[in-house]
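Read off the chains here:
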Amino acid sequence: MSHFLILLVCFILFRDSLNTVQILGLFPEYHHAPSQYSDADQSSHWTTQSMEMFRAAITLADRYKIYVGGNPINYTILQTNSNGFAELELVCRSITNTTVPDILGVVGPTTSTNARYIGPFVARIGLPLVSYTATHAALDDKSNYPTFYRTIPSDILLAEAIVKLFKYFSWETCSMIIGNDDYGYGGLKLISEVYYANLSIKERLIFDPQSDKYQADLKQTLEKSQSRIVLVWANHSSCTKIIQHALHAGLLRRNYVWITTNKIDFNMFEQNEWFNLSGILTVVPFIGNSSAFGVNETLQKEAFDVWRNLSHNKNSVPKLASAVSQEAMYTFDAVWALIQALNKSVLHNKPPSMNKSLACFDNFLQNHDEYLNHLKMTRFYGVSGNVQFSKANSDDCTHGVMYGLYNIQPMKLKNSEETQKPTYIKVLTWYETTSQHLQILVIEAHPFVIVHNSSTDNQSSNYDTNLEQVSSRFDPMKTNDPKIFIYGFVADFIRELERHMHFTYTIHVADPTTAYHSLITLVAGDNRQYDMILSNIAMTSDRMLKVDFSTPFYDNTFRIITRLNPYSSPLSLFSCFNPFTWDVWVAIFVVIIYSSIIIYIFEYQNGNIENSQPELKAICTGIFHGLISILIMNGDIRLTTTSSRLTILGLYALGVILIATYTANLSSFLTLHRGKPFISGIDDIKNGLLPFSRIGIVSNTSVSDYYIRNISTKYYSLTTVADTYPRLLDYTIDASICDSSVLEYAVNNYYCDELTLTGVSFVKSPFAIALPKDWLYKTDLDRNILALRESGKLESLENTWINHRACSLSSSSSSSSSSLDQVNDQNSGTFSLNVLGGLFLTFFIITAIAFGFHLWNCRVVIINTFHQTMKRIKLPIRLMPIRC
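Residue numbering note: each chain is counted from 1, following its sequence as written. Local features are withheld for residues below a pLDDT of 70 in this predicted model, meaning they are given only at 70 or higher, and side-chain atom pairs are given and counted only at 80 or more; totals for whole chains, interfaces and linings count all residues. Hydrogens and water molecules were not included; the side-chain quantities draw on all heavy atoms of the structure.

**Structural notes on the overall build of the chain**
Stage number 1. Helix and strand labels come from DSSP, where a helix needs a run of H or I of at least four residues and a strand needs a run of E of at least two; each type is numbered from the N terminus. Secondary structure summary: the chain contains 27 helices and 31 strands in total.
Stage number 2. Here the term buried applies to any residue with accessible area under 20% of the maximum for its type, exposed to any over 50%, and partly exposed to those in between, with areas from a 1.4 Å probe on protein chains only. By residue count, 51% of the 884 residues in the chain fall in the buried class.
Stage number 3. Residue pairs in contact within the chain that sit at least 24 positions apart in sequence constitute 74% of those at least 6 positions apart.
Stage number 4. A total accessible area of about 41,200 Å² is found for the chain, and carbon and sulfur atoms account for 55% of it. Whether two residues are in contact is decided by their heavy atoms: any pair within 4.5 Å suffices. In short, Shrake-Rupley with a 1.4 Å probe defines the accessible areas, and a residue's cover is counted only from the protein chains shown.

Below, the structure written as structure tokens:
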């Protein structure tokens, strides 16, 4: 009975073990680990560090409760230095072993050569292979390696970095030494076939690490070469051996510039040889140590803590991230990518499982299509940076790669002439932005982002009509959703940045109800989901505590929007007098009376006015003729004196100007008052002219922050800017504050005769791109934005989109272009005597000249009358008109 119970327990444990899944890790044996990117002091430790980070990732998955089939993910590590066939056989045995859990992913192998053997096999059975050190460019061929992925940068990027380095120093030729393996031949193919126009290879040498020999004499080949720049493209151990041969041949520090693609091991050289190594340059990628480089510092700290807890020797765990090899970082992210894909498969109820067979190539991973698709779309910020495999033609990790140019410098011990072990000093850093794949988040805000969803037909008529016009004039920009496209200022702006910075991107459209403050958090911190947010995002002091902003690309302000004609205007019988102020009308009346009197005086004695006609009636007749002269310039009045004619000429001139001014001003006045808003600007809102509950504000935006800080905490809350317009039209609110560019576009294109902007712009609120704190490419982005501004491209985009007008000028003049005049319409629509005083003064000068002519013509009569008057000074003076 006891034997039966023991067998039963063993059977249950064995069955549970079969229900678990595992990830297989492939690592070289400790004593022979050809590192490609590790420092010399770490070259003997990178294998151990990589395996420890492999275990840490599996342990973290268990800590986060990431299970498959209700069981934690397990692991198996295989250490081997076998060739491709031997390593393929080991992998095959592990997969077909029915006594171990199903293998759902492979991390490795170490070399590109072995990856080219294992890749086709795992592709046949649907198993993903994620390498942390295989860099050969041929592995990007998805027809041969459809399930191959890698977290380490491809050799293509290294070749681009080297070409940029040569261009930086104006170098055009080199002699090239390669290792006799896939890594070396791959580098030679890239330089000679892809970048032959940028870099010419004068001599080629192949180094065989097994025989430790060249196919030709090293010294003779380099001495006859036309180039004195030597490029060594080989792995870590081969680079060290090649430099040793060059040192023994006396080719170092002798008119040659040596550039290697891997750091050498100083321990392989004698102490008296260290000084001769100075000046050797090395181009290698490096991993940043903060979130500015896309590194998830929280995940990195958790991984190191797990490593420290699992390690038996606590002192062997590096205290600083810089002491951890890059291979170890890439290993962790490779495992974590597989774990993320497995977790998503479980959440979608389609976990993969291995259908095992005794024949190696007959094994098959079920549900592998969904699993591999999740892996391809997986994106996260790992311990080595931003990890993502969704590039169009390659499944390299598409985060931006940083390259450093290092120089070997010998160190002197203090108070000693003895040379210390050399060290690598970074002398130049640059970034491969061409490999940067950006996740860009946008939110709908006309005219910056216009969203078109081809799967819905229930768009509002205003927007739908304009959208048809837009789509016929501009190319749509695709998003991550194939049914959604975007147009607008931002779409063209992204295309311009792409043309200058050569990055790739994926556009994500946020839910329009998402609060703007919530958008900012999506690019902040270690768990950020996007690289930038591009829309009508305003720079504020509170937001700058969480994220960084680029150089502003548009200078925005706030404006107030109201209904065009909220209430009917009261009837006024005297509106026709509004173009002129009362003092101008009084001046006109005085001119008419004055001119009629002097014309009567000028014409009385010449018989043009009958003597029998009463003087009052004659004066009234003159007033009538003066009014007629001003209004219609009637020529039926017969004048006999020069003075009268000159006076009438002055009246004609005065009438022409007054009538033209009155007509133009009356037209403008009526246009302005056709839809007069009931508030004139932000001061009216601050003074409580409107109830605060009748003012619409979009919550959690820069506008709401301003309103709460400067006006009131009470307002009508709106979810989106698009909610503003229907709430105004249905009289829910009376006014709203928002971005001027958004409101002007809406009024000029969608609500021509319904809504209007009132008052002047206030509170400058520039739009900029929201970026993660200390984003690596911010300087380059700012420089390109300024270049677009200086070239006039941004201004052109503003004219195309922001200043676009679909409404006719007549229908929108009173709402948009004339909104500034409406602020002081009573004054700006009226001409006072201060403006027209010179016109009346000119007329009085003319009449003064006319009086001069009259006095001259009547001088004899005036003199005689004066003498007679003096003789009769004691007699009563009878007043009578002077006769000519």
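Text resumes after the structure shown.
**Digging into the pairing of strand β26 (residues 557–563)**
Stage number 1. Extensive coverage of β26 is indicated by the burial of seven of its seven residues.
Stage number 2. The rule for pairing is simple: two strands pair if DSSP sees at least two bridges between them. In the sheet, β26 pairs with strand β29 (residues 735–739) via five bridges, with the strands oriented antiparallel. In the strand pairing of β29, I561 is matched with S736.

**Describing the nonpolar core**
Stage number 1. We call a set of buried Ala, Val, Leu, Ile, Met, Phe, Trp, Tyr and Cys residues a nonpolar core when their side-chain atoms join them within 4.5 Å. Ranked by internal contacts, the top residues of the largest apolar core, which has 85 residues, are W258, L277, F448, F493, F553 and I769.
Stage number 2. When sequence neighbours within four positions are dropped, the list of residues in contact with I769 reads F493, L497, M532, I533, L534, D548, F549, S550, F553, L781 and I785.
Stage number 3. I125, V317, M354 and L375 belong to the second largest nonpolar core, which has 72 residues in total.

**A closer look at the pairing of strand β11 (residues 257–260)**
Stage number 1. When strand β10 (residues 229–233) meets β11, the two strands line up parallel, connected through four bridges. Bridge assignment links I229 to a residue of β11, and that residue is V257.
Stage number 2. Crossovers are described as right-handed under a simple rule: with the strands pointing away from the observer, the path leading from the first strand over the helix to the second runs clockwise. Following the chain from β10 across helix α8 (residues 236–248) to the adjacent parallel β11, one finds a crossover that is right-handed.
Stage number 3. Where β11 lies against strand β12 (residues 281–286), two bridges are found, and the strand directions are parallel. Counted as the bridge partner of I259 is L281 from β12.

**Let's talk about the sheet that holds strand β21 (residues 477–478)**
Stage number 1. Reading across the sheet, the three strands line up as β20-β22-β21 and stay open at both edges, with antiparallel pairing between neighbours. Since the sheet does not close on itself, it has two edges, and those belong to β20 (450–453) and β21, each with one partner.
Stage number 2. In the sheet, β21 pairs with strand β22 (residues 484–487) via two bridges, with the strands oriented antiparallel. The partner of M477 across the bridge, within β22, is I486.

**Here's the deal with helix α4 (residues 112–125)**
Stage number 1. One less than the residue count of a helix, multiplied by 1.5 Å, gives the span that helix is expected to have. Here α4 is 14 residues long and its end C-alpha atoms lie 20 Å apart, about the 20 Å a rise of 1.5 Å per residue gives.
Stage number 2. Taken as a whole, α4 carries its principal kink of about 30 degrees at I118; the proline P120 stands between one and four residues after it.
Stage number 3. Directly after α4, the chain includes G126, whose backbone phi takes a positive value near 80 degrees. The seven residues ending at a residue and the seven starting there each receive a fitted axis; the angle between those axes is the bend at that residue.

**Describing the pattern of salt bridges**
Stage number 1. The rule for a salt bridge is simple: a side-chain nitrogen of Lys or Arg has to be within 4 Å of a carboxyl oxygen of Asp or Glu. For the structure shown, the criterion picks out 20 salt bridges.
Stage number 2. Between E370 and K350 there is a salt bridge, with its nearest N and O atoms 3.5 Å apart. A residue pair is termed long-range when its members are at least 10 positions apart, and E370 in helix α11 (residues 368–377) and K350 in the loop between α10 (326–347) and β13 (353–355) qualify at 20 residues.
Stage number 3. A residue is classified by how much of its surface remains accessible, and E370, at 28% relative accessible area, is partly exposed.
Stage number 4. Judged by relative accessible area, K350 falls into the partly exposed class, the value being 38%.
Stage number 5. Salt-bridge contacts for R499 lead to E496; the nearest nitrogen and oxygen are separated by 2.8 Å. Taken together, the residues span about one helical turn, with R499 and E496 both in helix α13 (residues 489–501) at a distance of three residues.

**Points about the state of the cysteines**
Stage number 1. The disulfide definition used here is simple: a pair of cysteine sulfur atoms within 2.5 Å. Following the criterion strictly, the structure yields two disulfides and no others.
Stage number 2. Bridging C92 to C360, the disulfide has an S-S length of 1.5 Å. Within this pair, whereas C92 is found in helix α3 (residues 84–96), its partner C360 is found in the loop between β13 and β14 (364–366), the two being separated by 268 residues in sequence.
Stage number 3. Assessed through its relative accessible area of 14%, C92 is described here as buried.
Stage number 4. On the basis of relative accessibility, which here comes to 15%, the residue C360 falls in the buried class.
Stage number 5. The disulfide partner of C752 is C807, and the S-S distance across this bridge is 1.6 Å. Residues C752 and C807 are joined through a disulfide that is left-handed, its torsion about the S-S bond being -70 degrees. Remark: C807 occurs in the loop between α23 (793–802) and α24 (809–817) and C752 occurs in the loop between α21 (740–749) and β30 (755–764); sequence separation between them is 55 residues.

**Digging into the packing of aromatic side chains**
Stage number 1. Centres within 6.5 Å are what make two rings of Phe, Tyr or Trp a pair, Trp counting through its six-membered ring; a difference in plane orientation under 30 degrees is then read as stacked, over 60 as edge-to-face, and the rest as tilted. Taken as a whole and assessed by the stated rule, the structure comprises 29 aromatic pairs.
Stage number 2. An aromatic cluster is defined as three or more aromatic residues linked by ring pairs; in this entry it consists of F448, F489, F493, F553, Y554 and F767.
Stage number 3. Charge-over-ring contacts are defined here by two conditions on Lys NZ or Arg CZ: a distance within 6 Å of the ring centre and an angle within 35 degrees of the ring normal. The positively charged end of K142 is found above the aromatic ring belonging to Y149, 5.2 Å away from the centroid.

**Some words on the sheet that holds β30**
Strand pairing in a sheet is mediated by backbone hydrogen bonds. Such pairs are either parallel or antiparallel.
Stage number 1. Reading across the sheet, the five strands line up as β28-β27-β29-β26-β30 and stay open at both edges, with mixed pairing between neighbours. Single-partner strands in this sheet number two, and they are β28 (716–718) and β30. With strand direction ignored, the average angle separating the axes of adjacent strands in the sheet is 30 degrees.
Stage number 2. Two elements, strand β27 (residues 695–698) and β28, share three bridges in a ladder whose sense is parallel. Here an angle of 0 to 180 degrees is reported between the N-to-C directions of two axes, which are lines fitted to C-alpha atoms, with helices fitted over the stretch in contact.

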